[in-house]
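# Structural description and commentary
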Amino acid sequence: MTILRDISICWAMFHVIILFLMLFRSRFTGKKTIMAAGIGMGLLMAANFAGIIMFGIETLAKAFLFTCSIPSFIFFYVMSADKRFKFLLSFCLADTTCLWVMAVTNLLDFYLGGGKYVLMLVSRLLVFPVLEYLAWRYLRKPYLELQGAVKKGWAVFAGMTMLYYILLVVVVQFPTNIVNRPEDTFLCVLVLILMLFNYSTLFTALYRQLLLYRRQQSERILQEQKNTLEAKLDSQQNIRKMKHDMKGYIATLSGLLTDGKVDEAMTYLKGVETEMDTLTGQFCVNPYINAVMNHYFREFENMGAECRAEILIGDEELPYMELCQILSNGLENACNALKELEKEERKVSVQMRYNKNYLLIRIRNRCRDDLYVAQGEIPATDKEGQDHGFGLATIKEMAERLDGESFCYTENGNFVLNVMVSCRTFSGSYSK
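Reading the values: the criteria
- Chains are numbered independently. Their residues run from 1 in the order of the written sequence.
- pLDDT decides what is reported in this predicted model: residues at 70 or higher carry local features, side-chain atom pairs at 80 or more are listed and counted, and totals for whole chains, interfaces and linings draw on all residues regardless.
- The basis for the side-chain values is all heavy atoms of the structure; hydrogens and waters are excluded.
- Runs of H or I in DSSP of at least four residues are treated as helices and runs of E of at least two as strands, each being numbered from the N terminus.
- To sort residues, take the accessible area from a 1.4 Å probe on protein chains only and compare it with the maximum for the residue type: under 20% means buried, over 50% means exposed, and anything in between is partly exposed.
- The contact rule is simple, with two residues in contact once any of their heavy atoms fall within 4.5 Å.
- Whether two strands pair depends on DSSP finding at least two bridges between them.
- Angles shown run from 0 to 180 degrees and are taken between the N-to-C directions of axes, each axis being a line fitted to C-alpha atoms and, for helices, limited to the stretch in contact.
- Each angle gets one of four labels, with under 35 degrees taken as roughly parallel, over 145 as roughly antiparallel, 65 to 115 as roughly perpendicular, and the rest as oblique.
- Definitions for this section: a left-handed crossing has its near helix turned counterclockwise from the far helix by less than a right angle. A right-handed crossing has that turn clockwise.
- Side-chain classes follow a simple rule in which Ala, Val, Leu, Ile, Met, Phe, Trp, Tyr, Cys and Pro form the nonpolar group, Asp, Glu, Lys and Arg form the charged group, and the remainder, Gly included, forms the polar group.
- For a helix, the expected span equals 1.5 Å multiplied by the residue count minus one.
- Definition used for salt bridges: Asp or Glu carboxyl oxygen within 4 Å of a side-chain nitrogen of Lys or Arg.
- Take the buried Ala, Val, Leu, Ile, Met, Phe, Trp, Tyr and Cys residues and link them wherever side-chain atoms come within 4.5 Å; each set so joined is a nonpolar core.

Before going further, it helps to spend a moment on the overall build of the protein. Across its full length, the protein carries twelve helices and five strands. Considering the protein as a whole, with its 432 residues, one finds that 43% of them fall into the buried category. Long-range contacts, defined as pairs at least 24 residues apart, comprise 73% of the intrachain contacts of the protein with a sequence gap of at least 6.

This is how it looks when you write it as structure tokens:
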């Protein structure tokens, strides 16, 4: 009957990998991740199954940490987009959950099923798919969202899950399997129950972090909408003023032309054109993007910053909600960074143009000399220092919504934010 036990162990090992992949953010595409995991973990499972046949389950169980856990940890760590404590939490969370199920089904089979492994196999066949359904239905999406949003505070959770993993391995397997140590059964049951309560606390804390992040996102979006509306109102007031002043301009031009002073009229007309550009702040034809640029460039000018803008877009239809959020968050970060610098060091530039099938946005501004961000990293949010990082999660989310991507880095004392969105996500003609 040991064949039933061995099948149930292989079934459990297979589902540990599935559960982990649900909580795992890979550096590669889904297809490549599944293919690599299938090959790598398939070979590892085959090697462990061969070890069970050759050395027996008792011997291999004691070496399981070295024959399975550590090799799979290294394998997935290389593939992971998350490093350090985020990855450690996901790995230990999947492993301890599955070890908990294996320990409970092992005890149930020994005390209720007569130790014949039938109850063990049947219960594992049923429990693991249910566990995966619950993880997919209720845990996966918020957990991945939280991983992308929260940059700090993972060490405590990761340390707790790692200690529970070690504790479960020791209680269940050392010095022999728990079913061979009936005097330790009560202790093992207490540990299993305690783990339920502690994991409930962990998930509650993570969920509250997620709610806090979502509330901050909503507040940020509302603030951006407020800034956009205020900028549009300012633009409308400028337009009304320009219409009012136009009567005086026309009267002056009419007088100059009547007197035959054509050159003076042309000079005066150029001055009127410059005045109109100043009043309207015309960065581009799109009124929404123009309003955002107006709002933040007035902020930059008020702090004495040197500003440059190159907005090479026409009157095509654009996904202005997402693009305005990208610009607002990027320019807000730049504004906060420039406030920490001396006036003569404050410089910022914005570029927005097409490149083949993509719309490219680049925001470059001076930053502190001690700020270093490698390409591809997202700097952590520092609410006290107001450094870069606040709003970058929103920028990334908006770029991905438009089938694009974003990345930032520091270079020669400048912080550079690059955003690329696909033109396929919106209609209309554009310059190539």
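Here we take up the sheet that holds strand S2 (residues 347-355). Sheet architecture is open: five strands sit in the order S1-S2-S3-S5-S4, paired in mixed fashion. Of all the strands in the sheet, just strand S1 (306-311) and strand S4 (405-411) have a single pairing partner and so form its edges. On average, each strand axis in the sheet is tilted by 10° relative to the strand beside it, whichever way the strands run. For S2 and strand S3 (residues 358-366), the ladder comprises eight bridges, and the chain directions are antiparallel.

Moving on: the packing of helix H5 (residues 84-112) against helix H6 (residues 118-149). Where H5 meets H6, the closest approach of the two axes is 10 Å, and the angle between their N-to-C directions is 155°. Taken together, H5 and H6 sit at an angle that is classed as roughly antiparallel. Along this stretch, H5 crosses H6, giving a crossing that reads as right-handed. Across the interface between the two elements, Lys 86, Leu 89, Ser 90, Thr 97, Cys 98, Val 101, Met 102, Thr 105, Asn 106, Leu 108, Asp 109 and Leu 112 of H5 pack against Val 118, Leu 119, Met 120, Ser 123, Arg 124, Val 127, Phe 128, Leu 131, Tyr 143 and Gln 147 of H6. Its residues assigned to classes, the contact of H5 with H6 shows 13 nonpolar, six polar and three charged.

Right, let's get into the pairing of strand S5 (residues 414-422). The element S5 is extensively covered by neighbouring structure, given that eight of its nine residues are classed as buried. As defined by bridge partners, S3 adjoins S5 across nine bridges and the pair is classed as antiparallel. Bridge assignment links Arg 362 to a residue of S5, and that residue is Asn 418. Of the pairings in the sheet, the one linking S4 to S5 comprises seven bridges and is antiparallel in character. Bridging across to S5, Cys 408 finds its partner in Leu 417.

What follows covers helix H7 (residues 154-173). A rise of 1.5 Å per residue sets the reference length of H7, with its 20 residues, at 28 Å; its end C-alpha atoms lie 28 Å apart and thus fit the reference within 8%. Of all the positions in H7, only Trp 154, Phe 157, Ala 158, Thr 161, Tyr 164, Tyr 165, Leu 168, Val 169, Val 171, Val 172 and Gln 173 are classed as buried.

With that settled, consider the pattern of salt bridges. Within the structure shown, the criterion is met by eight salt bridges. Between Glu 400 and Lys 396 there is a salt bridge; the shortest N-O distance is 2.5 Å. Taken together, the residues span about one helical turn, with Glu 400 and Lys 396 both in helix H12 (residues 392-401) at a distance of four residues. Note on Glu 400: relative accessible area 45%, which makes it partly exposed. Among the charged side chains, a network of salt bridges with common partners joins Glu 322, Glu 397 and Arg 401.

Bringing the packing of helix H11 (residues 320-339) against H12 into the picture now. Running from amino to carboxyl end, H11 crosses H12 at an angle of 155°, the nearest separation of the two axes being 9 Å. Here H11 is positioned roughly antiparallel relative to H12, judged by the angle of their axes. Here the hand of the crossing between H11 and H12 comes out left-handed. In this structure, H11 uses Glu 322, Gln 325, Ile 326, Asn 329, Gly 330 and Asn 333 to contact H12, whose residues at the interface are Leu 392, Thr 394, Ile 395, Met 398, Ala 399 and Arg 401. Looking at the contact of H11 with H12 residue by residue, the class counts come to five nonpolar, five polar and two charged.

Counting residues in each nonpolar core, the largest one holds 42 residues, and the members touching the most others are Ile 289, Phe 300, Ile 313, Leu 323 and Met 352. At the level of secondary structure, the elements contributing two or more residues to this core comprise helix H10 (287-302), H11, S2, S3, H12 and S5. The leading source of residues in this core is H11, at eight residues.

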